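Listed here are the chains, written in short residue letters.
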Amino acid sequence: MGDVVRHQEVELLAIGAGPSNLALAVAVEELAGSELAQDTLVVEQRDDVAWQRGMLLPWTTSQVSFLKDLVTLRNPRSAYSFVNYLHSVGRLDQFINLGSFSAYRMEISAYLAWVAHSLQHVRVQYGRRCGSIRPHHTADGPSHWSVEMSDGSTIVCRHLVIGGGRDVHIPEAFAGLPRDKVIHSTEFAVRVDEIGTDRPLRLAVVGGAQSAAEMLTAVHQSFPLAHCTMIMRSIGLQAYEASKFTNELFYPSFVDQFHAALPEAREQLLREMHRTNYSGLTPELLESLYRRIYLDRLAGDERIEMLTMRDVVDAQLDGGEVAVTLLDRKTGGMTQHRFDKILLGTGFASAMPRIVQDLARSAGVADISVNRHYRMNLPAGYGATCHLQGVNESTHGIVDSLLSVLAIRAEEIVGDLLAHRSTPPVLVFADSTLTP
């Protein structure tokens, strides 16, 4: 990143260089013109761009068509399409020959990094973690945001887009365990080597959805001496609901219908669509995992154990082991199991991310909500704007956290920004004038 600029002023700041804000960056370049694009900054806390970094296993694939990339549904002719990425790296023929709409996860991740480095005007800065966001008051009222970074620098912006995703969910029972005993799926690929292969291990995988099953498959492959126990609340592993009729509810155009629906209709839609994105596995992974278990039994070496309909009541460190107490909801009985490592496929917290909650408190917002175009509802008199990406399931549907709407959502946010732009006042501070 080079020397840190202690103070910066930009018109548009996007926090997080994931798919949401990279789609936004491209939309700014293609729709808003070079003036706004040159005054737009994306900050990323990591040193590079990666998609689902913790689960970047060589054999994992996206569950979404490659055509639902950052741009194609908005602009099929865009230079930033996944197809153009494949062409640029000389792999288009091979991908076509693969005959699949689902790209490997590592390939999607590489595509996102390619987009970040291909932007013509929008800047992306790495290794910059956001600490806090506060309204910046001028004579015109709260017309800007002051964003304090963890390195002590400050970025002042008029328009803010938060697209860093939800906070990791660590079940309460595991929250007090030492870090070296617990690996969440968001860290799995970068921490799996900590597990070690020097002795037989007892590994617990908590969760019953795709990420948990992928971790179970990975450790079963990589640690031939390990005994792997999968603990889940459900009655067993199930496939995603993926009929073509249901998938029509993932069209970007369906967001309008969901947003306009009555509250009870929204609740039904979210409830019935739950297994299209949560609590399910791809049919391919289900089949593969079942065959692994069958072959283990055939060889007389059953290294995978499934504990279904179990609630984790307690987890304590005891002599270097993790003692986990489980409630069997079929019998009401309690059992204790001892493990060397806990792998959590427990997803993300349903609440708004901490950074959004802190911003809302500083702005005097009691109930966080957004309008149809993802703009946060702020008190009267705010000249500053804040858009939220990927955290609006309750108002925009289950598709809000998925790749399916990236391109169209970015277009809507850019359109909303352009409609609300005005010439910002010059900010003069006691010690300096902020410059880009």
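Residues numbered from 1 in each chain as written. Predicted model: local features only at pLDDT ≥ 70, side-chain atom pairs only at ≥ 80, totals over all residues. Heavy atoms only, no water.

Visitor: So what exactly am I meant to see when it comes to the sheet that holds strand β11 (residues 227–231) here?
Guide: Within a sheet, each strand pairs with its neighbour through backbone hydrogen bonds, oriented either parallel or antiparallel. Taken together, five strands build an open sheet; the order of strands is β9-β16-β10-β11-β12 and the sheet is parallel. A single partner strand is all that each edge strand has here, and the edge strands are β9 (182–184) and β12 (304–307). The mean inter-strand angle of the sheet, taken between neighbouring strand axes irrespective of direction, is 20°. Pairing between strand β10 (residues 202–206) and β11: five bridges, direction parallel. Bridged to L203 within β11 is C228. Helix α7 (residues 210–222) contacts β10, β11, β12 and β16 (341–344) of the sheet and is inclined by roughly 175° relative to β11. (Pairing = 2+ DSSP bridges. Helix = DSSP H or I, 4+ residues; strand = E, 2+ residues; numbered from the N terminus. Axes fitted to C-alpha atoms, helices over the stretch in contact; angles between N-to-C directions. Contact = heavy atoms within 4.5 Å.)

Visitor: Would you mind showing me how to read empty space enclosed by the protein here?
Guide: The gaps of empty space that remain are located by a probe, the size of a water molecule, rolled over the atoms. Under the definition given, this model contains three cavities of 30 Å³ or more. What the largest cavity holds in volume is close to 100 Å³. Those elements that provide at least two residues to the lining of the largest cavity are β3 (61–65) and α5 (105–118). Across the lining of the largest cavity, the residue classes tally to nine nonpolar, two polar and two charged. Quantified by volume, the second largest cavity comes out at close to 60 Å³. (1 Å grid on protein atoms, 1.4 Å probe; cavity = no way out; pocket = protein on both sides within 12 Å on 5 of 7 lines; lining within 4 Å. Points joined across faces, edges and corners; volume = space filled by probe spheres on them. Nonpolar A, V, L, I, M, F, W, Y, C, P; charged D, E, K, R; others polar.)

Visitor: Help me out: how do you make sense of the environment of M149 in this one?
Guide: Among the secondary structure elements, M149 is positioned in strand β7 (residues 141–149). Spatially, the C-alpha atoms of M149 and P200 are 44 Å apart, while their sequence positions differ by 51 residues. In contact with M149, not counting residues within four places along its chain, are V43, R128, R129, C130, G131 and I155.

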